[in-house]
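A closer look at the structure
The lines below spell out each chain.
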Amino acid sequence: MSIVRYRPFSHGDLSNAFDRLSSLREEFDRVFNTSFDPLFGSSFSRWNPALDVYQDKEKFTVVAEIPGMKKEEIEISLHDGALTISGERKREESKDQGYGTERFFGKFQRTVTLPAAVDADKVKASYKDGLLEITLPKAEEAKPRQIELN
Amino acid sequence: MNTLAQRDSTSTNESAAYLTPVADIASSGDAYVLQVEMPGVDKSGLELTVENGELVIVGHRRRIDSIGEPLYREIRTNDYRRVYELDPSIDTGKINARIDQGLLTVTLPKAETVKPRKIAVE
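This is a predicted model, so every value here is computed, not measured.

1. Notes on the overall build of chain A
Assigned secondary structure in chain A consists of two helices and nine strands. In sequence order, the secondary structure elements of chain A are arranged as β-α-α-β-β-β-β-β-β-β-β. Counting every position in chain A, which comprises 150 residues, the buried fraction comes to 23%. Excluding contacts between residues fewer than 6 apart, the proportion of contacts in chain A whose partners are at least 24 apart in sequence is 56%.

Structure below.
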């Protein structure tokens, strides 16, 4: 199974430098289990919502953290065994003076290649408490099967 | 501008078990509006406390029901915590909060004395 992080375009060295800075920051985050976002700001990083993938005998379940959106603003598609979650979070128009720019606005996309065939007609999704949960029942041929001995 | 200055100590020792949620602050004429991202937290998992001039935000995640064995994990399971020092100009009695789809919005009204006011010239 491969999980592809969305990398839209590269505009030469500067952008690459930001990418490195970003991943360095992610590394820091992991090590110290704390967020350095206030330090680096979020303008360098793109929004890649965190996600989990689970499986049991019957299904795969993908959970993504996408806080503060409307259900209609999230798009889910399944193509060739790859599940793509995408959308755009728009900044609310406001005359208010803002200080604090940690939250990310703009487009996001994540793609998950599922490790086995799924039944595309039975995929279900729910969005609650900022968590998107997609249930993908395995195709019959992908389910584990007990073979009886005669 | 340092009205809601974040206390440094939250990002060091005491927060080891907590995750610091990302947040934005905006100021309108009569209130500060704080928006904090806490996916996985609903109303019942939220604790907001104002004490000694500080606003303490704690968010407990709703436990995800067993949905199988994890194949790949990025989402952290830690609860959230963030502390803000409140400017004396904030009317703490009128702070209100709501959470919708994991996004907490706290409105902190400014006390009457600091609101911009037009003085009519007679």
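2. Looking at the overall build of chain B
A tally of helices and strands in chain B yields zero helices and nine strands. Along the chain direction, N to C, the helices and strands of chain B fall in the order β-β-β-β-β-β-β-β-β. Per-residue burial for chain B yields a buried fraction of 26% across its 122 residues. Contacts in chain B between residues at least 24 apart in sequence constitute 57% of all its contacts with a sequence separation of at least 6.

3. Re the pairing of strand 8 (residues 124-128) of chain A
Residues and elements named next belong to chain A. Summarising the sheet, strand 8 and strand 9 (residues 131-137) pair through five bridges and their orientation is antiparallel. When the bridges of strand 9 are listed, Ala125 appears paired with Ile134. Linking strand 8 to strand 9, which pair antiparallel, is a turn of two residues; within it Asp129 sits at a positive phi near 50 degrees.

4. Some thoughts on the sheet that holds strand 5 (residues 54-59) of chain B
One open sheet accounts for four strands, arranged 1-7-5-4 (chain B); its pairing is mixed. A strand with exactly one partner marks an edge of an open sheet, and here the two such strands are strand 1 (18-19) and strand 4 (46-51) of chain B.

5. A word on the sheet that holds strand 6 (residues 69-72) of chain B
Strand order in the open sheet made by the five strands is 8(A)-9(A)-3(A)-2(A)-6(B), with antiparallel pairing throughout. Two strands close off the open sheet at either side, each with one partner strand: strand 8 of chain A together with strand 6 of chain B. The average undirected angle you get between the axes of adjacent strands in this sheet is 25 degrees.

6. Description of the confidence of the model for chain A
The predicted coordinates ought not to be read in detail in places where the model reports low pLDDT. Per-residue confidence for chain A gives a mean pLDDT of 78, with 65% of residues at or over 70. With pLDDT under 50 throughout, residues 7-16 of chain A is counted as low confidence; its partners more than four residues away or in other chains account for three contacts.

7. Examining the pairing of strand 2 (residues 51-55) of chain A
Residue and element names in this part refer to chain A. Burial runs high along strand 2: five of the five residues are buried. Across the two faces of strand 2 the burial is the same, with Leu51, Val53 and Gln55 and Asp52 and Tyr54 all buried. Strand direction decides the pairing type here: strand 2 and strand 3 (residues 59-65), joined by five bridges, are antiparallel. Within strand 3, the position partnered with Asp52 by the bridge is Val63.

8. Observations concerning the confidence of the model for chain B
All names here are of chain B. Taken residue by residue, chain B gives an average pLDDT of 85. The fraction at 70 or more is 84%. Across residues 8-15 the pLDDT falls below 50, and counting only partners more than four positions away or on other chains, this stretch makes eleven contacts in the model. If you check the scores for this complex, the pTM reads 0.73 and the ipTM reads 0.79.

9. Concerning the environment of Lys70(A)
Residue and element names in this part refer to chain A. Residue position: Lys70 is located in the loop between strand 3 and strand 4 (74-79). Note on Lys70: 11 C-beta atoms within 10 Å, which makes it exposed. Residues Lys70 and Arg89 lie 19 residues apart in sequence; the distance between their C-alpha atoms is 9.1 Å.

Quick notes on the rules
Residues numbered from 1 in each chain as written. Chains lettered and ligands numbered in written order. Predicted model: local features only at pLDDT ≥ 70, side-chain atom pairs only at ≥ 80, totals over all residues. Helix = DSSP H or I, 4+ residues; strand = E, 2+ residues; numbered from the N terminus. Buried ≥ 20, exposed ≤ 12 C-beta atoms within 10 Å, placed from the backbone. Contact = placed C-beta atoms within 7 Å. Pairing = 2+ DSSP bridges. Axes fitted to C-alpha atoms, helices over the stretch in contact; angles between N-to-C directions. pLDDT = per-residue confidence, 0-100.

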